[in-house]
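# Summary of the model geometry
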Amino acid sequence: MQNDNLKSYLHLHLIVFIWGFTAILGELISLDALPLVWFRMLMAVGFIVLFMLYKKTDITIPRKTIMVFLLLGLVIALHWLTFFKAIKVSNVSVTLACLSTGAFFASFLEPILYKRKVIWYEVFFGLLVVVGLYIIFNFEGDYYLGIILALTSAFLSALFSVVNGKYAKMYDSTVISFYELSGGVLCFSIYLLLTNSFSKEFFILRPSDWIYLIILSSICTAYAFIASVKVMKFISPYTVMLTINLEPIYGIILALLLFKDKEKMSPEFYLGALIILFTVVLNGIIKYRLKNRRD
């Protein structure tokens, strides 16, 4: 059992590293954000379908729930759209630092959607995040559009996670992923059709883009999602949460190694990013300890 826990913990770090690499692929792919997300989701659906056929997964669920998943698919598609757009107009470091605020958007969305009381320390931590963002805005003003897009992406990610959380306990994660990604593809396809964006040129990609898209849709999307659910059988949610917070750190380090001067930021940027990351981790630790006391 202990050996399984160690393997799962190492596996989780690999998954988080893969998620951090998603931002790198977004920088490497030459496509604009919208076609990039469309190709990513379409190809990921294909890989998940192959996996479900192999596992003989039953996808039968209530129609009302399917509609909810399709709408959530639009939310996650918009999250990815703003995420990759932020990378295109700024860089990986700025985008990942701002994306770390997702946990605090979730802290304020939960009381609204689930009608629970606002917790005082979440408000305090929210103010600390604002301080970190102010430092980043103040010293990295040239990236203001990227910062706004990344914060929008973080909010959409939090909204998706909060709403999706209750369904994750009721249905198979692969089935949920299939319907949600299909919903994103469907919504974006309708938009692309209405704007006459589908053309011969739309489907002509560089060979390198095809390679990066295959990696992005298979390993960073389909595989990482399914594998993350599997490791939770052996690792506590607390450990998972803390490890996932390493994603922006892995991503920023990778960006510095691969893109060098483009990703070098001011010392104040790293101070602001550190305040945000520290606050997110501290929030998770307090939540875990309070939950243990109640249990």
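Residues numbered from 1 in each chain as written. Predicted model: local features only at pLDDT ≥ 70, side-chain atom pairs only at ≥ 80, totals over all residues. Heavy atoms only, no water.

### Description of the overall build of the protein
Heads up, the condition is: Labels follow the DSSP assignment, with helices taken as runs of H or I lasting at least four residues and strands as runs of E lasting at least two, numbered in each case from the N terminus. Buried, partly exposed and exposed residues are distinguished by accessible area as a fraction of the type maximum, computed with a 1.4 Å probe on protein chains only: under 20%, between the cut-offs, and over 50%, respectively. Contact definition: two residues touch when any of their heavy atoms are within 4.5 Å. Only the protein chains shown count as cover for residues, and all accessible areas are computed by the Shrake-Rupley method using a 1.4 Å probe.
Secondary structure summary: the protein contains 12 helices and zero strands in total. Its helices and strands in sequence order give the protein the pattern α-α-α-α-α-α-α-α-α-α-α-α, from N to C terminus. Taking all 295 residues of the protein together, 47% fall into the buried category. At a minimum sequence separation of 6, the contacts of the protein that also span at least 24 residues come to 87%. In the structure as shown, the protein presents an accessible area of about 15,500 Å², 69% of it carried by carbon and sulfur atoms.

### Some thoughts on helix H2 (residues 33–55)
Rules: To estimate the expected span of a helix, count its residues, drop one, and scale the result by 1.5 Å.
The end-to-end C-alpha distance of H2 is 32 Å, a good match for the 33 Å that 23 residues give at a rise of 1.5 Å each. Two residues or fewer past H2, Lys56 is found with a positive phi of approximately 55 degrees.

### Here we look at unusual backbone geometry
One non-glycine residue with positive phi stands out, namely Lys56, at about 55 degrees. Inspection of the secondary structure assignment puts Lys56 in the loop between H2 and helix H3 (63–89). A positive phi angle is found at Asn196, which is not glycine, with a value near 55 degrees. Looking at the element boundaries, Asn196 is found in the loop between helix H8 (173–194) and helix H9 (207–231). A relative accessible area of 68% places Asn196 in the exposed class.

### With respect to the nonpolar core
Quick note on the threshold: For the purposes of this section, nonpolar cores are sets of buried Ala, Val, Leu, Ile, Met, Phe, Trp, Tyr and Cys residues that join through side-chain atoms within 4.5 Å.
Core analysis: the largest hydrophobic core is formed by 61 residues, its most contacted members being Phe39, Met41, Phe84, Val92, Leu213 and Leu216. Listing elements by their share of this core, those giving two or more residues are helix H1 (2–28), H2, H3, helix H4 (92–99), helix H7 (144–168), H8, H9 and helix H11 (247–259). At 12 residues, H2 tops the list of elements feeding residues into this core. Residues in contact with Phe39, not counting those within four places in the same chain, are Leu31, Phe202, Phe203, Leu205, Trp210 and Leu213. Residues Tyr121, Leu133, Ile136 and Ala273 belong to the second largest nonpolar core, which totals 19 residues.

### Quick look at the packing of H2 against H3
Rules: Angles run from 0 to 180 degrees between N-to-C directions of axes, and those axes are lines fitted to C-alpha atoms, restricted for helices to the stretch in contact. Should an angle fall under 35 degrees it is taken as roughly parallel, and over 145 as roughly antiparallel, whereas 65 to 115 is taken as roughly perpendicular and any remaining angle as oblique. Here a crossing is called left-handed whenever its near helix is offset anticlockwise from the far helix by less than a right angle, and right-handed whenever the offset is clockwise. Side-chain classes follow a simple rule in which Ala, Val, Leu, Ile, Met, Phe, Trp, Tyr, Cys and Pro form the nonpolar group, Asp, Glu, Lys and Arg form the charged group, and the remainder, Gly included, forms the polar group.
At a closest axis distance of 9 Å, the pairing of H2 and H3 adopts a crossing angle of 135 degrees. Classed by the angle they form, the pair H2 and H3 counts as oblique. Judged by the sense of rotation from one axis to the other, the crossing of H2 with H3 is right-handed. Packed against H2, whose contacting residues are Ala33, Leu34, Leu36, Val37, Arg40 and Met41, the element H3 presents Gly73, Ile76, Ala77, Trp80, Leu81, Phe84, Lys85 and Lys88 at the interface. Its residues assigned to classes, the contact of H2 with H3 shows 10 nonpolar, one polar and three charged.

### Thoughts on the packing of aromatic side chains
Quick reminder of the rule: Centre distance within 6.5 Å is the pairing criterion for rings of Phe, Tyr and Trp, where only the six-membered ring of Trp is used; planes under 30 degrees apart are then read as stacked, over 60 as edge-to-face, and the remainder as tilted.
Overall, the coordinates contain 17 aromatic pairs when judged by the stated rule. With centroids separated by 6.0 Å and ring planes inclined at 75 degrees, the aromatic side chains of Trp38 and Phe203 adopt a geometry described as edge-to-face. Taken together, the residues span a long stretch of sequence, with Trp38 in helix H2 and Phe203 in the loop between H8 and H9 at a distance of 165 residues. Pairing Phe83 with Phe84 gives two aromatic rings, centres 5.1 Å apart and planes at 70 degrees, and the pair type is edge-to-face. Exposure class is identical for Phe83 and Phe84. Each is buried. Through a chain of ring-to-ring contacts, the aromatic side chains of Trp38, Phe39, Phe198, Phe202, Phe203 and Trp210 assemble into a single cluster.

### Observations concerning the packing of helix H5 (residues 102–114) against H7
Helices that pack against each other are described as a pair by the angle of their axes relative to one another and the distance between those axes. One can describe the packing of H5 onto H7 by two numbers: an axis separation of 8 Å at closest approach and a directional angle of 45 degrees. Relative to H7, H5 is oriented oblique. Between H5 and H7 lies a crossing whose hand is right-handed. Within the contact between the two elements, H5 uses Gly102, Phe105, Ala106, Leu109, Glu110, Leu113 and Tyr114 and H7 uses Leu151, Ala154, Phe155, Ala158, Leu159, Val162, Val163 and Lys166. Class assignment for the residues of the contact of H5 with H7 results in 12 nonpolar, one polar and two charged.

### Side note on H4
Counted only if it meets this: Definition of a polar contact: a pair of N or O atoms within 3.5 Å, with one able to donate and the other able to accept a hydrogen when the atoms are protein atoms, and with sequence-neighbouring residues admitted only if both atoms are side-chain atoms.
Most of H4 sits inside the fold, with eight of its eight residues counted as buried. Within H4, the full set of buried residues consists of Val92, Ser93, Val94, Thr95, Leu96, Ala97, Cys98 and Leu99. Sitting at the head of H4, Asn91 places a side-chain oxygen 3.3 Å from the backbone nitrogen of Ser93.

### Some details on a nonpolar patch on the surface
Cut-off, in case you're wondering: Patch membership requires over 30% relative accessible area and the absence of a salt bridge. Like charges are linked within 9 Å, and nonpolar side chains (Val, Leu, Ile, Met, Phe, Trp, Tyr) within 5 Å. By definition here, a salt bridge exists when the distance from a side-chain nitrogen of Lys or Arg to a carboxyl oxygen of Asp or Glu is within 4 Å.
Together, Val89, Phe137, Tyr144, Leu145 and Ile148 give the surface a local cluster of nonpolar side chains, amounting to about 440 Å² of exposed area. Counting residues per element, the nonpolar patch draws most heavily on H7, at three residues. With respect to the helices and strands, Ile148 occurs in helix H7. A relative accessible area of 43% means that Ile148 is categorised as partly exposed.

So yeah, pure geometry; function would need other evidence.
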